[in-house]
Every structure is written in C-alpha cells, then in structure tokens.
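# A look at the structure
So the chains spell out like this:
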Amino acid sequence: MGSSEVSIIPGLQKEEKVAVERRRLHVLKALKKLHIEADEAPVVAVLGSGGGLRAHIACLGVLSEMKEQGLLDAVTYLAGVSGSTWAISSLYTNDGDMEALEADLRHRFSRQEWDLAKSLQKTIQAARSENYSLTDFWAYMVISKQTRELPESHLSNMKKPVEEGTLPYPIFAAIDNDLQPSWQEAKAQETWFEFTPHHAGFPALGAYVSITHFGSKFKKGRLVRTHPERDLSFLRGLWGSALGNAEVNRNYIFDQLRNLLTLRGDVWRRTVANAKYIGRRIFAPLLRLQQSLQRERPVLEDEGGEPNYNWLTEMLENWTRTSLEKQEQPDEDPESKGSVSDFLDFVRKTSICASKWEWGTTHNFLYKHGGIRDKTMSSRRHLHLVDAGLAINTPFPLVLPPTREVHLILSFDFSAGDPFETIRATTDYCRRHKIPFPHVEEAKLDLWSKAPASCYILKGETGPVVMHFPLFNTDACGDDIEAWSDTYDTFKLADTYTLDVVRPLLALAKMNVRENKKKILREMRNAAM
C-alpha cells in the first residue's frame, strides 16, 4: 500500500493478502519436508511476548531453533510485543539468516560497547521534530544501549522477502495510549495498533496508512505534509517503551539526562558543532530552563507532592564540577552535527516531555476523516502510541480476527511473572468481544502457574488451537524458576549482560522448542487435516 491516502477497508489489506497467499506455497513445501500432507496450508502464527532483553534474547533462541528444526518455514505469521519485536525485526534485517543473527548477538554482547555519540546525535536530530516525545529519547538513548545496536533501516525494507513468501508475515504490536480508559473499562478493540512492512493502523477499524507515510500529516484522509519514514530504532523504542513500571522508566530517563553533561570531550566533538567553550555557553540556558520549568509547575511530582527538579539541579551541579578541559574541546568536523542551541532544545524538549510524561506522539492519520464515525478517533490531531504490553503482554488480539484465519497459535511467553497472565487477559478480552478462544478454568491456571511445564495445549469448540510455552518452566529449570527469573529481570541493565549471561538464556529458549517439537508437529498435522 504505497498510496498517499488513508485506507479504510474491512479485512486484510491487499498487500498482506498477496504476501500470505505466496507464503502458502512455501508452507506446503515445508510441511512436506516435515512429513505432513496437506491440500491447503494451515495458517500458523508464532507469538512472542514482551520482557525486555530477556524476551529479545529468548525470542531469538526460539526463532533460531524453529528454523533449525524446519518449523519456522511452516509459519505464516510472526507477531510480537515489546522485547520480542526487537528479535523479530532482526530476523528480517538479516534476511532470515539465523546463523548471522546469532553471530551478531554474540558480537554485540561480547563487548561492553555502545556508541553514545551516535545515539545522542540521533536524539538531538529527532528533537527538531514537532512531534518529539520521550519515545525518541527512549529509542535512541535507552533501547539502543540495551540492545547495543542502532538500526537505521525501515520496516518498508522488509517487503521483498515477505512479498516473495520466503519469510512469515510480521506484525508488530502497539496500543493507543489515549484510549487506555476505554481499555481499562471495556477492553476496547480500537486500542490495538499494528505495524507491518506494508501498513500501520487500527485493525479493529480497518483503518490503515502506508508504512512509508506513518508519521506524516493527514487531514480528511488526504496527505497534507510528508515526513520521512521513521527508522527501525525509533519503532523499537515505541514497541518496547514499557520495560519497567513508570517509576523505573522515569528514573532511568532522568539518570541519562543527569549524565549527559559529564560527557567526555570526544563525545561532544562528535555530537555538537563548534563545541569549543561549550561549558560557558550552556550553563546559563540550563539555569533558565530550570527556572522556567519551576514556574510552569509540570505534572511530574515527587513523593511529597511537589514538582521534582532534582535531576536538572544535579545536571547543573555536575556541569560546574566538570573540568574546563573536558568542557572546552576543540571542534573537529561540524558538518551534519547539531549546534549548541540544538542540544539545548533537545534538553528542553526532553524535560518538558518528561514532566508531562508524553510518549509516542505522532500525527493522527484519521484526523477529520469523514469515514470514521467515532469522534474520539477522528477529532484528535495526534496519537500517542506505546508498548502493547501495557494492555496484554502478547499480541493475541492481532492474530485472532477471523480475517487472518489462523488455525494454530504458538504462544511463547517470556514474562518474568505469571506465565499465564496473558492467557487470562486474552480470555477476558475475547469473552467481551465474542471472539473464539480456548477457555481454561481459573483454578487450573492458578495450579499451572505454581509449577509451569514447558508446553500447554489449549483447545476450544471453535477458533484456533493455542500452544502456550512458558520460558521458565519445571521441565527445563527444575526447582530454580525463581532464580532464573531473578537473573533475567525485565529491567536488568545491558551492562550486566555478558556472553556468559546470554548463552544460558538462548540455550533454554532453544531447548523449549526442541523438546516440544513432536507436540508442535502433531498440532500442525491436526491443523492440516
């Protein structure tokens, strides 16, 4: 869908239909290699839950082992939330080459490296946009550090293998944060938002825009102003913007801001043009910023109920303690860098966004669209898209619509807590909207959660069969599930992830697939009948 218009069409978009149809031929060939005879290719969807770096690494392990066992070639859809989206997107940026993907993972975590200057430069550039929000800061300054990579490719770059059918059709989940009240009250379907190599939009409304025009300005269904397609780094930040609770995220952002003014001279030279005497030129504007924020009395408050500006005060104090030698580095190559005023604007915008707690701001492509009856959707100039894990920590709502005709769902749960919370939440969602989904008694889920096995097969009278795979389970971890969970805490800092930490998690995820291969094949065979 390369159109400059908004598309409101019930069912699948044309490009997805074509891609899925071509994928069927590859699926049939794969099933034959697995000794499964089928006249029609069953639609199998693999889901990856959220869970930060733990989900990222474990999902890579799942995809790698599924490829090794010949199972991935029989999959039609790959869908992810939060940390799993980082792994799934990497599959496509590496053209499906799992050996290259694992080699890249080992390379990234064999060294404690992160290109701070490049990340800061990208953030300063993003701050020039009218729709800059904490998501930009989070993407370039937090997620890039967590994953130790800063991909500059785009979702539209994934079209070729998808359209040829050589890789599954990917779906990346987000939610509309402005609709959180509707979600809390009624689990509104409109809350869910999806990204694919072709489109971005609201599946419940059948309302989409070309992925190349996501972020551009629309009015009455027509393109008003074109903006460049957002890169994969930004989208990963949007998809994975809820690694911890709000307090954890807030503290991490403020820690990063505090540290910015103690940067080494080489970082300044690579980031800011005309960096000489930057110390003398930056202190007074920062002081004015602090005073301005205090006058505005933003939303963010400390535990005592007063606005909290400690982080900005500490920035100023850190700056005054920084030696002139570090502050006043000679400039080298000012081309393509931000100016000191750009840096100050970035700090100002980040401060204001942090005070308002503003995330995922983008132009609403449904603004004043006459084909949308719900004024909540068409009256807003902007959307605020965030991590779908804030609703359900796995993307069931995106593969359950009957238009996608999914027969078998392989749900890999990388949650740190109860691995059946996603099943509970999805059951509630489906009950409210009369969507077929296997029902499991609450007592049984409680029992399973106390000592989870590696695989559960859930079947209802109608709808898809669901195979649910808890990452930390008694089959693989024995009595040490709690220890595994503690070791791979969701907000565990990337600095603590060495190869010695990565390898066991990767191996565990692979083993969960390998040990359940026979069960997966049996359900694939049943789906093909």
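Reading guide: rules and limits
Numbering of residues starts from 1 in every chain and runs along the sequence as written. At least 70 in pLDDT is required for a residue's local features to be given in this predicted model, at least 80 for side-chain atom pairs to be given and counted, and no such filter applies to totals for whole chains, interfaces and linings, which use all residues. Note that the side-chain values use all heavy atoms of the structure and ignore hydrogens as well as water. Strands are runs of DSSP state E lasting at least 2 residues, helices are runs of H or I lasting at least 4, and numbering of each runs from the N terminus. The buried label applies to any residue whose accessible area, calculated with a 1.4 Å probe on protein chains only, is under 20% of its type's maximum; exposed applies above 50%, and partly exposed to all values in between. One confidence number per residue, pLDDT, is output by the predictor and ranges from 0 to 100. In this analysis, two residues are considered to be in contact whenever any of their non-hydrogen atoms come within 4.5 Å of each other. Here the rule is simple: two strands pair whenever DSSP picks up at least two bridges between them. Criterion for a salt bridge: a side-chain nitrogen of Lys or Arg within 4 Å of a carboxyl oxygen of Asp or Glu.

The name given to the chain in an unreviewed UniProt entry is Phospholipase A2 group IVC, with the source organism recorded as Macaca mulatta.

### So, unusual backbone geometry
Even without glycine at this site, Asp95 takes up a positive phi of about 55°. Assignment of secondary structure puts Asp95 in the loop between α3 (83-93) and α4 (98-109). A residue is classified by how much of its surface remains accessible, and Asp95, at 63% relative accessible area, is exposed. Residue Lys187 is not a glycine yet carries a positive backbone phi of 50°. With respect to the secondary-structure elements, Lys187 resides in the loop between α8 (180-186) and β5 (192-195).

### Quick word on the confidence of the model for the chain
Where the model shows low pLDDT, its predicted coordinates should not be examined in detail. On average, the chain scores 86 in pLDDT, and the residues at 70 or more come to 83%. Contacts of residues 296-307 to residues separated by more than four positions or lying in other chains number 17 contacts, the stretch itself having pLDDT below 50. Considering only residues more than four positions removed or in separate chains, one finds that residues 319-336, a stretch of pLDDT under 50, has 36 contacts.

### As for the pairing of β5
Residues Trp192 and Glu194 point to one face of β5 and Phe193 and Phe195 to the other, with burial holding for every one of them. Of the pairings in the sheet, the one linking strand β4 (residues 169-176) to β5 comprises four bridges and is antiparallel in character. Within β5, the position partnered with Phe172 by the bridge is Phe195. As defined by bridge partners, β5 adjoins strand β6 (residues 199-202) across two bridges and the pair is classed as antiparallel. Counted as the bridge partner of Phe195 is Ala200 from β6. Where β5 folds back onto β6 in an antiparallel hairpin, the turn is made up of three residues.

### Considerations on the pattern of salt bridges
Scanning all chains against the criterion turns up 31 salt bridges. With its nearest N and O atoms 3.3 Å apart, the salt bridge here joins Glu152 to Lys118. Here Glu152 is found in the loop between α6 (134-147) and α7 (159-164), whereas its partner Lys118 is found in helix α5 (residues 116-126), with 34 residues between them in sequence. For the salt bridge of Arg404 with Glu194, the shortest nitrogen-to-oxygen distance reads 2.9 Å. Separated by 210 residues along the polypeptide, Arg404 in the loop between α17 (396-399) and β12 (408-413) and Glu194 in strand β5 bring together distant segments of the chain. With respect to class, Arg404 is no different from Glu194; both count as buried. Because the salt bridges share partners, they merge into one network encompassing Asp418, Glu421, Arg424, Glu442 and Asp446.

### Thoughts on the pairing of strand β9 (residues 222-225)
Direction of pairing for strand β8 (residues 217-219) relative to β9: antiparallel, over a ladder of three bridges. The residue of β9 that forms the bridge with Phe218 is Leu223. Hairpin remark: β8 followed by β9, antiparallel, with two residues in the connecting loop; positive phi at Lys220, about 55°.

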